[in-house]
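Residues per chain, in single letters:
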Amino acid sequence: MEFFKQSKTIGFMGKSKLAMIISIVLVLSSYGLLMTKGLNFGVDFAGGTIVQVQYEKTAPIDKMRTQLSSNEMFKGASITEFGSPDEVIIRLKTSSKDISKDVGDVTREALKGTGEFKIRRVDIVGPKVGNELREKGAMSLLLAMLGILIYVAFRFEWRFAVASIIALIHDVSIAMGALALTQIDVNLDVLAALLTILGYSLNDTIIVFDRIREGISDTKSLVLSDVIDESVTKTLSRTTLTSLTTFFVVLTLFMFGGEIIHSFGFTLLVGVVVGTYSSIFVASPILLWLGFDITSYHSKQAQKAIRNAEKEKMRAQFEQGTI
Amino acid sequence: MQRLLKSQKMLWHESTRMKLNFRIVIFTLAIAFGLFFSAPSLLNTEKGAKITLGLDLQGGLHMLLGVKTEEAVGSRMKSIAASVKHFTNHNDILLDTLKASEDEVKFSILDPDDAVVIDEMLKEVEGAQINHSGLNYAISLTPESVEATKKMAISQAIETIRNRLDQFGLAEPTVARQGTEKILVELPGIKTQEDEQRARELISRAAKLELIAVDEDRAMRVYNMTDAQAAQYGDVILEDNENPEVKYLLKEIPILDGGLLTNATVAFDQNNRPVINFALNSEGAQIFGDFTGKNVGKRMAIVLDGKVYSAPVINERIGGGHVQVSGNYSVNEANDLAIALRSGALLAPIYMMEKRSVGPSLGAESIRNSMVALMGGFVLVFIFMMVYYKMAGVIANIALVANLFIILAVMSLFGATLTLPGMAGIVLTVGMAVDANVIISERIRELLYEGKSLHKAIEEGYANAMRAILDANITTLIAAVVLYAYGTGAIKGFAITISIGILASMLTAILGTHGIYSSLEEKINKSKNPAFWFGISKKRLG
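Small disclaimer: the values here were computed from a predicted structure and weren't measured.

Cut-offs applied
Residues numbered from 1 in each chain as written. Chains lettered and ligands numbered in written order. Predicted model: local features only at pLDDT ≥ 70, side-chain atom pairs only at ≥ 80, totals over all residues. Helix = DSSP H or I, 4+ residues; strand = E, 2+ residues; numbered from the N terminus. Rg over C-alpha atoms; globule rule 2.2 N^0.38 Å. Buried ≥ 20, exposed ≤ 12 C-beta atoms within 10 Å, placed from the backbone. Contact = placed C-beta atoms within 7 Å. Domains from an automatic or database assignment. Nonpolar A, V, L, I, M, F, W, Y, C, P; charged D, E, K, R; others polar. Pairing = 2+ DSSP bridges. Expected span 1.5 Å × (residues − 1). Axes fitted to C-alpha atoms, helices over the stretch in contact; angles between N-to-C directions.

J.: How should the overall build of chain A be read in this particular structure?
T.: When helices and strands are tallied, chain A shows 10 helices and 6 strands. Relative to a compact globule of 323 residues, whose C-alpha radius of gyration would be 20 Å, chain A shows 27 Å and is clearly more extended. Counting over 323 residues, chain A shows a buried share of 46%. At a minimum sequence separation of 6, the contacts of chain A that also span at least 24 residues come to 79%.

J.: Got a minute to help me understand the overall build of chain B in this structure?
T.: A count of helical and extended segments in chain B gives 16 helices and 19 strands. The principal-axis extents of the C-alpha atoms in chain B amount to approximately 115 × 60 × 35 Å. Across the 542 residues that make up chain B, the buried fraction comes to 45%. Excluding contacts between residues fewer than 6 apart, the proportion of contacts in chain B whose partners are at least 24 apart in sequence is 71%.

J.: Could you clarify how one ought to interpret the domain arrangement of chain A in this entry?
T.: Often the size quoted for an interface is simply the accessible area lost on bringing the parts together. Partitioning chain A into structural domains gives domain 1 (13–41 + 129–292) and domain 2 (48–125). Computed from C-alpha coordinates alone, the two centres of domain 1 of chain A and domain 2 of chain A are separated by 39 Å.

J.: How should I be thinking about the interface of chain A and chain B in this particular structure?
T.: Contact residues are listed per partner, giving 60 residues for chain A and 63 residues for chain B. Listing elements by their share of the side of chain A that touches chain B, those giving two or more residues are helix H4 (103–110), strand S5 (117–125), helix H5 (127–155), helix H7 (188–218) and helix H8 (224–256) of chain A. When grouped by side-chain class, the residues that make up the side of chain A that touches chain B number 28 nonpolar, 16 polar and 16 charged. Here 5 bridges tie S5 of chain A to strand S18 (residues 350–358) of chain B, and the two strands are oriented antiparallel to one another. Directly across from Arg121 of chain A, in S18 of chain B, lies its bridge partner Val358 of chain B.

J.: Help me understand the domain arrangement of chain B in this model?
T.: Residues and elements named next belong to chain B. By the assigned domains, chain B splits into domain 1 (19–59 + 359–541), domain 2 (60–189 + 343–357) and domain 3 (208–328). Counting from both sides, the interface comprises 11 residues of domain 2 and, opposite them, 10 residues of domain 3. With 7 residues, the single largest contributor to the side of domain 2 that touches domain 3 is helix H3 (residues 69–90). Each residue belonging to the side of domain 2 that touches domain 3 can be placed in one class, and the counts come to 5 nonpolar, 3 polar and 3 charged.

J.: Help me understand the sheet that holds strand S15 (residues 300–304) of chain B in this model?
T.: All names here are of chain B. One open sheet accounts for 6 strands, arranged S11-S10-S16-S15-S9-S12; its pairing is mixed. Edge positions in the sheet fall to strand S11 (247–251) and strand S12 (256–257), since each has one partner strand and no second. Pairing between strand S10 (residues 235–240) and S11: 5 bridges, direction antiparallel. Following the sheet pairing, Glu239 is matched in S11 by Lys247.

J.: Help me understand helix H5 (residues 143–168) of chain B, please; the structure alone is not making it clear to me.
T.: Spacing of three or four residues puts side chains on the same side of an α-helix, whose turn is 3.6 residues. All names here are of chain B. The terminal C-alpha atoms of H5 lie 37 Å apart, and with 26 residues this matches the ideal 38 Å at 1.5 Å per residue to within 8%. Taken together, the buried positions of H5 are occupied by Thr149, Lys150, Ala153, Ile154, Ala157, Thr160, Ile161, Arg164 and Leu165. At the C-terminal side of H5, Gly169 shows a positive phi close to 85°.

J.: Is there a simple way to explain the environment of Gly306 of chain B in this structure?
T.: When you line up the elements, Gly306 of chain B lands in the loop between S15 and strand S16 (307–310). A sequence separation of 65 residues divides Gly306 of chain B from Asn241 of chain B, and the C-alpha atoms of the two residues are 8.8 Å apart.

J.: It is not clear to me how the sheet that holds strand S2 (residues 60–67) of chain B should be interpreted in this structure. Could you clarify?
T.: Either a parallel or an antiparallel arrangement is found when strands of a sheet pair, and the pairing is made through backbone hydrogen bonds. The 8 strands lie next to each other as S3(A)-S4(A)-S2(A)-S5(A)-S18(B)-S2(B)-S8(B)-S7(B), forming an open sheet whose pairing is antiparallel. The open sheet terminates on both sides in strands that have one partner only, identified here as strand S3 (78–82) of chain A together with strand S7 (174–178) of chain B. Taken over all neighbouring pairs, the strand axes of this sheet differ in orientation by 25° on average, direction set aside. In the packing of helix H10 (residues 360–389) of chain B onto the sheet, the strands contacted are S5 of chain A together with S18 of chain B, and the crossing angle to S5 of chain A comes to about 85°.

The structure is reproduced here in structure tokens:
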């Protein structure tokens with residue numbers, strides 16, 4: 001079976017202006033969302049408390065509200081359904097430091113008489129730990145990008161590295177915009193998803209860049225946009241296939257993985273789509289605009305080859321003892 | 001020269017053939033390794049290294065505790081004051097206003113001649129800074145000693161909590177220092193919330209035992225006194241353990257504290273109610289004997305964690321250092337209390353910084369959900385690869401299965417922890433590992449269309465794809481390593497499975513499938529049916 005006959009090169013770069021407009025609109029509106037609505041930090045980063053309660057039958061949310069409201073500890077608590085009608089999450093902005101009697105114990109007592117229930121999860125994150133996790137989280141995103149930047153610059157050329165990092169920032173920005181739009185709880189697992197997007201989207205970009213690198217060395221054409229079009233077309237079937245399989249895998253995770261990894265799955269879902277798009281329509285055109293020049297690349301490569309040849313010669317002479 | 005070239009060429013040929021065999025052998029070994037070491041985890045055998053399930057999957061309690069180290073300094077001052085008091089009582093030295101504050105002990109002597117004896121005694125106090133002017137003394141700790149006391153409080157807390165949990169009888173408790181001043185406590189095997197609360201109470205119990213004299217001169221006025229007024233007389237007001245309405249006026253500086261305790265056991269009194277017997281060491285017994293001998297007819301309070309458990313009248317001098325604490329507790333409570341007393345008091349109170357507790361039913365549900373996602377994703381990819389690439393897809397699928405086993409095997413072997421995000425990582429690895437085979441298969445197809453021979457198409461396909469796959473995998477690995485370094489608990493599990501998955505995929509998806517193609521090469525050539533092997537159209541092949 002084949003989806004792509006790739007008999008003809010597709011003119012991707014001709015559409016790059018349109019793509020750029022779309023990207024800029026998406027990124028800007030993401031920043032707009034981040035600034036107005038902001039990210040909805042969950043307990044991991046904001047600190048606070050989560051109590052997950054499961055009832056034998058449908059959870060009596062109204063009754064729970066009235067019973068909990070009489071307790072000082074649950075002031076300002078939000079009580080919402082979680083995944084199914086018999087499961088409820090109680091969220092608190094506060095976190096108690098008491099070890100011997102914690103919020104789970106208090107909840108158990110406060111909810112007495114609301115029906116048969118089980119407390120299945122209690123997460124308490126103190127403000128200090130929350131701050132620490134947030135700092136570490138931001139740091140890990142930055143470090144990952146820096147590491148990738150260095151690696152790509154080392155393996156390709158600095159313009160490739162810059163282009164791929166811009167594509168990464170583009171992807172992460174849009175994914176974060178989607179998080180702000182949906183107001184999904186941003187917890188540690190979402191951070192993991194964002195880092196996975198970095199890796200994944202870069203995968204796509206690198207596969208395309210690798211072809212461009214190959215195309216540049218092989219082609220007789222000196223027009224970069226033609227080489228890019230050709231390379232993107234050649235990798236199109238791979239890009240689409242891999243994205244599709246990954247997309248479906250993530251989709252099953254999102255749909256069947258359970259409520260707890262729901263936000264993880266959602267972030268990845270957005271990331272897979274945006275990452276695929278960006279490797280074709282963002283990373284490659286930027287390479288073009290950064291003024292990558294095939295002729296100078298060729299001459300640089302030639303010089304490198306000459307240098308290497310000279311080194312080899314020297315070594316050969318050395319080994320033969322002529323020096 | 002010509003012959004040399006020729007022989008070199010032959011050598012090269014031979015070496016490639018060697019490599020081909022090499023690949024399939026390694027791949028087979030890898031599969032055997034995967035099957036063998038993942039078996040204990042998959043079949044849940046009794047022997048063999050198994051994957052540890054994270055607390056989010058098996059249920060349990062994870063806590064990060066902080067230590068209020070500054071209070072350790074305060075209690076150090078208090079115990080210095082207690083020893084000064086005992087020393088002066090013992091040597092008939094008269095003191096005026098002995099006071100212990102957060103960071104200082106102050107007192108004055110009445111007779112200047114006593115200064116020599118006092119100075120001599122204070123020299124024995126470790127890490128103390130003594131300020132002596134005229135009749136007034138002020139004792140504080142040197143900054144180094146303050147640091148040391150704080151450090152000591154943390155390591156002592158870790159040791160104490162570990163002791164208590166060991167005696168509590170839970171399976172595999174973890175108590176470890178995290179960072180410089182946090183304590184990580186992980187308790188798998190907690191099944192109910194009641195158990196959890198009991199464990200938490202046991203851990204956090206200060207278990208600070210004090211024997212304190214009742215201030216008999218003012219005891220009658222206790223209900224009309226504020227804390228500040230009591231402090232003026234060097235007293236404190238403490239509540240009764242069972243009835244908070246009942247209050248006692250006690251001397252601020254205890255006669256002795258639990259540090260001098262050697263053992264604590266549960267026994268039953270004549271009414272068959274549990275009581276706790278504890279024994280003092282020789283120094284404690286000496287102090288206790290001295291005090292009871294001198295204070296017959298007065299009351300002495302037994303105070304645990306700031307609550308008065310009983311305040312019996314001293315009938316006679318009590319030697320031997322055996323004391324009994326009665327209280328209205330259940331057998332469980334008495335047992336836990338005895339454990340806490342035996343394992344020693346916490347030098348400083350601890351508090352909750354982070355807690356994650358997952359019930360076993362939620363953990364089981366998470367396992368079920370992620371297994372469904374894993375199987376679903378797996379079947380999807382499996383079918384897709386088979387339909388799209390035919391035999392090439394089947395070969396890729398073999399690699400995928402091998403990859404799964406190897407991930408499980410490596411994790412079992414190193415006793416790595418599988419968490420919920422880790423499960424997600426495995427699911428994701430399925431998607432990513434298959435990517436390498438998509439890239440390779442596409443390359444091979446391309447080369448076949450260009451009219452290359454099968455051998456050339458395979459070799460060049462792998463060579464060309466290799467570079468891209470390597471670069472792509474290394475960048476993902478960079479992200480995973482950063483995640484491991486900066487992630488906590490469950491997230492680390494994600495980084496681990498992703499990393500192992502990527503490394504394993506290099507072995508299975510690249511080396512393994514290459515080996516399979518090489519050994520099947522003749523067969524593929526003979527069949528003259530590339531459509532069956534690579535799922536390509538015959539028409540375009542021409």
